[in-house]
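Results of the structural survey
One letter stands for each residue in the lines below.
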Amino acid sequence: MRNWLLVGALCGGICSPAAAWWDEGHMQVAALAYDQLTPTARAKADALIRLNPQYGNWVVGWPPGKAAQYAFVRASAWADDIKGPDLGFTDVGDSAGKSEAGRNIGYYDNLMHKYWHYKDIGFSTDGTAIEEGDPVNAVTQIKLLAQGLSPASGQPDEVRSYDLVWLLHLVGDAHQPLHATARFSHAHPHGDQGGNLAKVIPATGETITLHAYWDRLLGSYSTPQGAIMDAMVDKNTKLPKPDPERAGELDPEVWFKESEKLAEDVAYAEPVRSCTEACTLDRPYETKARETARVQAALAAARLANLINAALK
């Protein structure tokens, strides 16, 4: 369903194509999650990350003592990397309605599975009928991959490595509000693809999609080292502490319901809600959007750590 738009143009060819939260956002979530893993879970996660075919590229040039941490952080963007032309993956004939859409076969799978990155919980403000979303989506796959990650699943380590790198990414996606919804309206009777069909003009002056605006709120391209600094060290950018009770919620259905509510209340708040063309964002909207993105990223990190700790205890 989704068309991943504008990323190449906005990043000047630096960002990986179609990256939700874009690279830095995903890496900030992973960096904070890695810091919250138990020693046992961290050692097991490190071993699984080493099985990814890109591991050698992820650690080249980094000090050996930092390699495991940096590879874990960098692995969070792998599910977007495979949407590009260089790693041999394809979306030809790949759709959520096909029998192979929800399979879990490890790196042998050469499908991009773009529909794994979101779940469209539709809403409408003008009475337009809401259509059902894809049967295979981020929720179905987070559940499947989390089950596969556990040694009790009986899956070989190569498949469990695949499950882990997907989970590093999808848990971040689950907390980006526009990965949880599609707005149905007279202008877009089949949905706006999570804001990909809505245009906004932020304070920076360019016209971009609403989805791209939210994807870049935590930054665009970064190194693992930069993402770690931004998420955990720099007092001006470090992510806030999440609510402990909410961090303990491990049901992805709940995560997506929360994100959909934020989409309606924040992402599609005024002035976006009333706009029929490219909408100029005001300061209150942009301030609230940034605050929401930071809280969601911190919550995603805590939940990701709790998920991995539970699976790899």
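Calculation rules
Residues numbered from 1 in each chain as written. Predicted model: local features only at pLDDT ≥ 70, side-chain atom pairs only at ≥ 80, totals over all residues. Heavy atoms only, no water. Helix = DSSP H or I, 4+ residues; strand = E, 2+ residues; numbered from the N terminus. Rg over C-alpha atoms; globule rule 2.2 N^0.38 Å. Buried < 20%, exposed > 50% of the residue type's maximum accessible area, 1.4 Å probe, protein only. Contact = heavy atoms within 4.5 Å. Areas by Shrake-Rupley, 256 points an atom, 1.4 Å probe, with all protein chains shown as cover. Lys, Arg positive; Asp, Glu negative; His and termini not counted. Charge placed at Lys NZ, Arg CZ, Asp CG, Glu CD. Pairing = 2+ DSSP bridges. Salt bridge = Lys/Arg side-chain N within 4 Å of Asp/Glu carboxyl O.

Now for the overall build of the protein. Within the protein, the regular secondary structure consists of 13 helices and five strands. What you see for the protein is a C-alpha radius of gyration of 18 Å, in line with the 20 Å of a compact globule of 313 residues. Taken along its principal axes, the extent of the C-alpha atoms in the protein is 50 × 50 × 40 Å. The proportion of buried residues among the 313 residues of the protein is 53%. Within the protein, counting contacts between residues at least 6 apart in sequence, those at least 24 apart form 72% of the total. If you sum the accessible surface of the protein, you get close to 13,000 Å²; carbon and sulfur atoms cover 53% of it. Both charge centroids of the protein, one from 29 positive and one from 39 negative side chains, sit 5 Å from each other.

The mixed open sheet is built from three strands, whose spatial order is E4-E3-E5. Every interior strand has two partners, whereas the edge strands, strand E4 (208-209) and strand E5 (279-280), have only one. Inspection of the sheet shows strand E3 (residues 199-201) paired to E4 by two bridges, in the antiparallel sense. Looking across to E4, one finds that Lys-199 is bridged to Thr-209.

Moving on, we come to the pairing of strand E2 (residues 181-184). Burial along E2 is two-sided: Thr-181 and Arg-183 and Ala-182 and Phe-184, pointing in opposite directions, are all buried. Judged from the four bridges that link them, strand E1 (residues 121-124) and E2 form a sheet pairing that is parallel. If you follow Ser-124 over to E2, its bridge partner there is Phe-184.

A separate point is the pattern of salt bridges. In the structure shown here, the tally under the stated rule is eleven salt bridges. Between Asp-81 and Arg-74 there is a salt bridge, with the nearest N and O atoms lying 2.9 Å from each other. Arg-74 sits in the partly exposed class, given a relative accessible area of 21%. When the shortest N-O distance is used, the salt bridge between Arg-216 and Glu-206 registers 2.6 Å. With Arg-216 in the loop between helix H9 (210-215) and helix H10 (224-233) and Glu-206 in the loop between E3 and E4, this pair connects stretches of sequence that are ten residues apart. Through salt bridges with shared partners, a single network forms among Lys-119, Lys-143 and Glu-253.

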